[in-house]
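The residues making up each chain are set out below.
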Amino acid sequence: MTQSTNKVPAPVAPCRPHAFTTHGILIVDDYAWLKDANWQEVLRDPSVLDPDIRKYLEAENDYTESLLGHTAALQKTLVAEMRGRIKEDDSSVPAPDGPYAYLRKFREGGQHELFGRMPRNGGEPEIILDGDKLAADHSYFRFGGSRHSPDHARVAWSADIKGSEYFSIRVRDWASRTDHDDLVEGTDGAVVWSADSKAFLYVKLDDNHRPMKVWRHRLDTPQADDVLVYEEQDAGWFTHIHESSSGRFCVIAGGDHETSEQRLVDLADPDAPPRLVAAREEGVQYSVADRGDELFILTNASGAIDFKVVTAPLASPERANWRDLIPYREGVYILDVELYAGHMVRLERANALPAIIIRDLATAEEHAIAFDETAYSLDTMGGYEFATTNLRFSYSSMTTPSEVYDYDMASRTRTLRKRQTIPSGHDPADYVTTRIMATSHDGADVRVSILHRRDLQRDGAAPLLLYGYGSYGMAMPASFSANRLSLVDRGFVYAIAHVRGGADQGWGWYLDGKREKKINSFEDFAAAARALIAAGYTSEKRIVGHGGSAGGMLMGAVANRAGELFAGIVAEVPFVDVLNTMLDDTLPLTPPEWPEWGNPIESEKDFRTILSYSPYDNVAARDYPAILAMGGLTDPRVTYWEPAKWIARLRATMTSGGPVLLRTNMGAGHGGASGRFDRLDEVAIAYAFALWVAGMAAKSDA
């Protein structure tokens, strides 16, 4: 690596030991002071950050700039390339609802979405929400969503202007294009309208940023007059709302990572109390869809690890009345169910590949939609209308840009509605998508999806970016990303390790990578790296690991356990201070996260398990690869001090290697910059770092 000639000394965080004892174990945290005591206020107003903390974070930013500053031209080149692959005036396929079809679009050069509609059968779009204009007075702006009223006269919309994910809801008239005086603040951004279009339900976040209460707001009244509809009593449960399949109900969905419970609010009678579907039972998850007097329920009840579909009468939907419709089949993971008036749609995954299954509810006949590539991504897209035979779905692979299809479930005909345009050009034939298997420490077979140029020589010389996540049962689809071509076209191999902790190979794959089995995620990732080396795709010290959020924890753990394999690590908003975070039950995500990681407050076993792998607590006097940690000051999910503390401890403890860099976005949260083009600047920094540690930065910007 060639470092910048702009000499800025590496910041040294003052060591201010904070000692505490839990379960008889002494923990000394030298950098606890980086957590602002008034962090809740900082989320709402970043300007109140403690000056000493701000000074340190800014010094780290300056140091990072001093080492990566020589890649400024490269970063500009990368941004230009990535922007050149974006159709700037792109728009969604209009989604029909009654007399209109609703759409989202961008204008040429615009950073933010526009929301509008057109006549159902075609015509000029009318724009009601202009994200660029709404964002003009804010350094950060992100839509939380928009939802038109059932009578099509108004649209409720929400936005976050701090990056802290507190969304304010407003209501705009289609006729006048102006907002009502209504201002509903401190919400999660979601809205469900009442059937008469005169009120809506929403979820308000509490002072610890937890969605615990559902409220009903009547138009043209102050928020102080809103009516509490439901309050969750368990601080470990989060509550969200959405419309049911038919649009008849608001579904109040509560749960943690292991257990769920749902209630129905009749939107024709929103004053009526919510109706419980089935009482919570520890370890039982379910979600509901409605059709007439019957509920269709996706659940893991009765040992259905990969889920099954049951039905229950709407009038008495408790567990005792559940009846299997699609029984549990080992190895076939049902990800989602969409219900229509005459059909049920299942999105399933078997052998790590997805398929869409259509069931005619009158005849019980089923057929599948599947594709032939080695690795691909498939997803249903939903819609506004229930009484339709049209299913909209999307398809892509690591080589094939996204395609949107309308599929007639009755006639079984498929219509391509949109293919992602790459203005600067893209020929899928120039690339290869494939998969290999890696054998983990305990014999488990870990799938690895790979993208490279067709002219790659598998002689071990190529640098490789290896991406991983591995938490919460979230699968990493082998989908298309135009951005990653900027690495692949420079000779990088791009790979995704489908490690345990995700549900890439079924729900059991997730269960085998959580709590006391969490180390399987780390071992799987290291095994993937070694398998890629053995297959000639790359070599030791030619790999750059990449992960964000819980995937950033994966990066931190791998740096501690198998750092010798990597040239560099990119950890975006990394969850690396796992033990301290799980010990602080005031933080937004801590109680709901205990089922995922364990509760170290109550359980000594959980405490010791987390302590054994928490990246921050396991930093050691050893060689580390170069590391770039990227955080956001107003991030409520992975708080800014986690990467800050991690980098401080690394720099103070490691014996060789590095450098270790911290870049904190002082005006954004978990998702980084809000504008679609501004976000490219952050991607370019990560990619420039990867190219730099691979020894390619100088020649890459030519």
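Preceding this paragraph is the structure being described.
Remember, predicted model here, so these are calculated numbers, not experimental data.

(A) Highlighting unusual backbone geometry. Note that the residue after glycine 658, namely proline 659, is joined by a cis bond; omega there is 5°. Relative to the assigned elements, proline 659 resides in the loop between β39 (656–657) and β40 (660–665). Of note in the backbone geometry, asparagine 351 takes a positive phi value of approximately 55° without being a glycine. Of note, asparagine 351 is situated in the loop between β24 (343–350) and β25 (353–360). A relative accessible area of 58% means that asparagine 351 is categorised as exposed.

(B) Region of interest: the sheet that holds β25. Strand order across the open sheet formed by 4 strands is β23-β24-β25-β26, with antiparallel pairing between neighbours. Of all the strands in the sheet, the pair left with one neighbour each is β23 (333–339) and β26 (366–369). Each neighbouring strand pair of the sheet contributes to a mean axis angle of 25°, computed without reference to strand direction. In the sheet, β25 pairs with β26 via 4 bridges, with the strands oriented antiparallel.

(C) Just the side chain of arginine 85, in detail. Within the secondary structure, arginine 85 is located in the loop between α3 (72–84) and β3 (95–97). Setting aside residues up to four positions removed in sequence, arginine 85 forms contacts with Thr421, Ile422, Pro423, Ser424, Ala482, Asn483, Leu485, Ser486 and Asp489.

(D) Molecular detail of the packing of α3 against helix α13 (residues 678–693). For the pair α3 and α13, interaxial distance at closest approach is 9 Å and the crossing angle is 125°. Here α3 is positioned oblique relative to α13, judged by the angle of their axes. Handedness of the crossing formed by α3 with α13: right-handed. The residues of α13 that touch α3, namely those facing Leu74, Gln75, Leu78, Val79, Met82 and Arg83, are Leu680, Asp681, Val683, Ala684, Ile685, Tyr687, Ala688 and Leu691. A breakdown of the residues in the contact of α3 with α13 according to their chemical character gives 11 nonpolar, 1 polar and 2 charged.

(E) The arrangement of the packing of aromatic side chains in detail. Inspection of the entire model under this criterion finds 28 aromatic pairs. With a centroid separation of 5.8 Å and 80° between ring planes, the pair formed by tyrosine 472 and tryptophan 597 is classed as edge-to-face. Here tryptophan 597 lies in helix α10 (residues 590–597) and tyrosine 472 lies in the loop between β33 (464–467) and α5 (485–488), a separation of 125 residues in the sequence. Here tyrosine 472 matches tryptophan 597 in class, with each residue buried. Within the aromatic cluster, the residues linked to one another by ring pairs are Phe371, Tyr376, Phe393, Tyr395 and Tyr405. Residue placement shows arginine 83 over the ring face of phenylalanine 677; its charged tip is 3.7 Å from the ring centre. Positioned over the ring face of tyrosine 537 is arginine 458, at 4.4 Å from the centre of the ring.

(F) Main features of the sheet that holds strand β22 (residues 323–326). With antiparallel pairing, 4 strands are arranged side by side in an open sheet as β19-β20-β21-β22. A single partner strand is all that each edge strand has here, and the edge strands are β19 (286–291) and β22. Pairwise comparison of adjacent strand axes, ignoring direction, gives a mean angle of 35° for this sheet. By the bridge criterion, 6 bridges tie β19 to strand β20 (residues 294–299) in an arrangement that is antiparallel. Paired with serine 287 across the two strands is leucine 298, which belongs to β20.

(G) Quick peek at helix α11 (residues 604–613). What α11 keeps buried is the set Asp606, Phe607, Thr609, Ile610 and Tyr613. Buried residues of α11, viewed axially, fall in a sector of 165°; they line one side. Close packing links the buried residues of α11 with β1 (18–22), β2 (25–29), α7 (519–534), α8 (550–562), α9 (578–582) and α10.

(H) Main features of the environment of alanine 235. Looking at the element boundaries, alanine 235 is found in the loop between β14 (227–231) and β15 (238–243). On the basis of relative accessible area, alanine 235 is assigned to the partly exposed category, the value being 32%. For the pair alanine 235 and methionine 553, spaced 318 residues apart in sequence, the C-alpha to C-alpha distance is 24 Å. The contact partners of alanine 235, leaving out residues within four places of it in the chain, are Arg210, Met212, Pro591 and Pro592.

(I) Region of the structure containing the environment of glycine 292. As for its placement among the helices and strands, glycine 292 is situated in the loop between β19 and β20. Its relative accessible area of 48% is what places glycine 292 among the partly exposed residues. It is 8.2 Å that separates the C-alpha atoms of glycine 292 and leucine 314, two residues lying 22 residues apart in sequence. In contact with glycine 292, other than residues within four places in its own chain, are Arg248 and Leu314.

(J) Here's a closer look at the side chain of arginine 346. Looking at the secondary structure, you find arginine 346 in strand β24. A distance of 2.7 Å separates a polar atom in the side chain of arginine 346 from a polar atom in the side chain of glutamate 348. Excluding its chain neighbours within four sequence positions, the residues that come into contact with arginine 346 are Val309, Ile326, Arg329, Ile334, Asp336, Val337, Ala355, Ile356, Ile357 and Glu366.

(K) Layout of the packing of helix α2 (residues 51–68) against helix α12 (residues 641–653). Two numbers describe how α2 lies on α12: the axes approach to 12 Å, and their chain directions differ by 65°. Judged by the sense of rotation from one axis to the other, the crossing of α2 with α12 is left-handed. Listed contacts from α12 to Tyr56, Leu57, Glu60 and Tyr63 of α2 are Ala644, Ile647, Ala648 and Arg651. Among the residues making up the contact of α2 with α12, the classes are represented as 6 nonpolar, no polar and 2 charged.

Definitions and limits used
- Residues numbered from 1 in each chain as written.
- Predicted model: local features only at pLDDT ≥ 70, side-chain atom pairs only at ≥ 80, totals over all residues.
- Heavy atoms only, no water.
- Helix = DSSP H or I, 4+ residues; strand = E, 2+ residues; numbered from the N terminus.
- Buried < 20%, exposed > 50% of the residue type's maximum accessible area, 1.4 Å probe, protein only.
- Pairing = 2+ DSSP bridges.
- Axes fitted to C-alpha atoms, helices over the stretch in contact; angles between N-to-C directions.
- Contact = heavy atoms within 4.5 Å.
- Parallel < 35°, antiparallel > 145°, perpendicular 65-115°, else oblique.
- Left-handed = near helix turned anticlockwise from the far one by under 90°.
- Nonpolar A, V, L, I, M, F, W, Y, C, P; charged D, E, K, R; others polar.
- Phe/Tyr/Trp six-rings, centres within 6.5 Å; stacked < 30°, edge-to-face > 60°.
- Lys NZ or Arg CZ within 6 Å of the ring centre and 35° of its normal.
- Arc of directions from axis to C-beta.
- Polar contact = N/O pair within 3.5 Å; in protein donor to acceptor, adjacent residues only side chain to side chain.

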